[in-house]
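# Descriptive structure summary
One-letter residues, chain by chain:
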Amino acid sequence: QVLLVESGGGVVQAGGSLRLSCAASGRTFSSYAMGWFRLAPGKGREFVAAFGWSEGITYYADSVKGRFIISRDNAKNRVYLQMNSLKPEDTAVYYCAARSGSSYYRTSRNYDYWGQGTQVTVSS
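Our subject in this report is the structure included herewith. (Residues numbered from 1 in each chain as written. Predicted model: local features only at pLDDT ≥ 70, side-chain atom pairs only at ≥ 80, totals over all residues. Heavy atoms only, no water.)

## A word on the state of the cysteines
Which entries qualify depends on this criterion: Our working definition of a disulfide is a cysteine sulfur pair at a distance within 2.5 Å. Each helix is a run of DSSP H or I of at least 4 residues and each strand a run of E of at least 2, with the numbering of both proceeding from the N terminus.
Evaluation of the coordinates by the stated rule reveals one disulfide. Across the disulfide, C22 is cross-linked to C96 (sulfur-sulfur distance 2.2 Å). Disulfide C22-C96: torsion about the S-S bond near -80 degrees, hence left-handed. Of the two residues, C22 sits in strand β3 (residues 18–24) while C96 sits in strand β9 (residues 92–99), which places them 74 residues apart along the sequence.

## So, the pattern of salt bridges
Note the following rule: For salt bridges, the criterion is a side-chain nitrogen of Lys or Arg within 4 Å of an Asp or Glu carboxyl oxygen. Per-residue accessibility, obtained with a 1.4 Å probe over protein chains only, is compared with the maximum for each type, and a residue is labelled buried under 20%, exposed over 50%, and partly exposed between these values.
All told, the structure shown has four salt bridges when counted by the stated rule. The shortest N-O distance in the salt bridge between E46 and R38 comes to 3.0 Å. Residues E46 and K43 are paired through a salt bridge, measuring 4.0 Å at the closest nitrogen-oxygen approach. Here E46 falls in the partly exposed class, since its relative accessible area comes to 24%.

## Concerning unusual backbone geometry
A positive phi angle, close to 50 degrees, is found at S85, a residue other than glycine. As for its placement among the helices and strands, S85 is situated in the loop between β8 (78–83) and β9. Of note in the backbone geometry, Y104 takes a positive phi value of approximately 55 degrees without being a glycine. The residue Y104 is located in the loop between β9 and β10 (113–114) in this model.

Written out as structure tokens, the structure is:
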């Protein structure tokens, strides 16, 4: 079992930055692929970024590529999402997720565990 807790959300102006953090429980954190998804008003859950089974393999949605960076610290059982050059359309609740499988990291239904979410609001 894995328990995920996100933090780091807030309100920023367009062009600003935030870093989200996800703390994970469990003894085998390094065995899980980690992902970030977001839920914006009137939209479904959207893939943002993922850190795959193998170290150094990352995946990004086209909408955030070049602006967001996902990273993980296995020793601390944490995964991060550094968000730069934020846009109003990035406003959403951001969720951390974990899965033990591999491949198709952009699909939310493949993830087994989810955090409670953290609100990110980007003003114009």
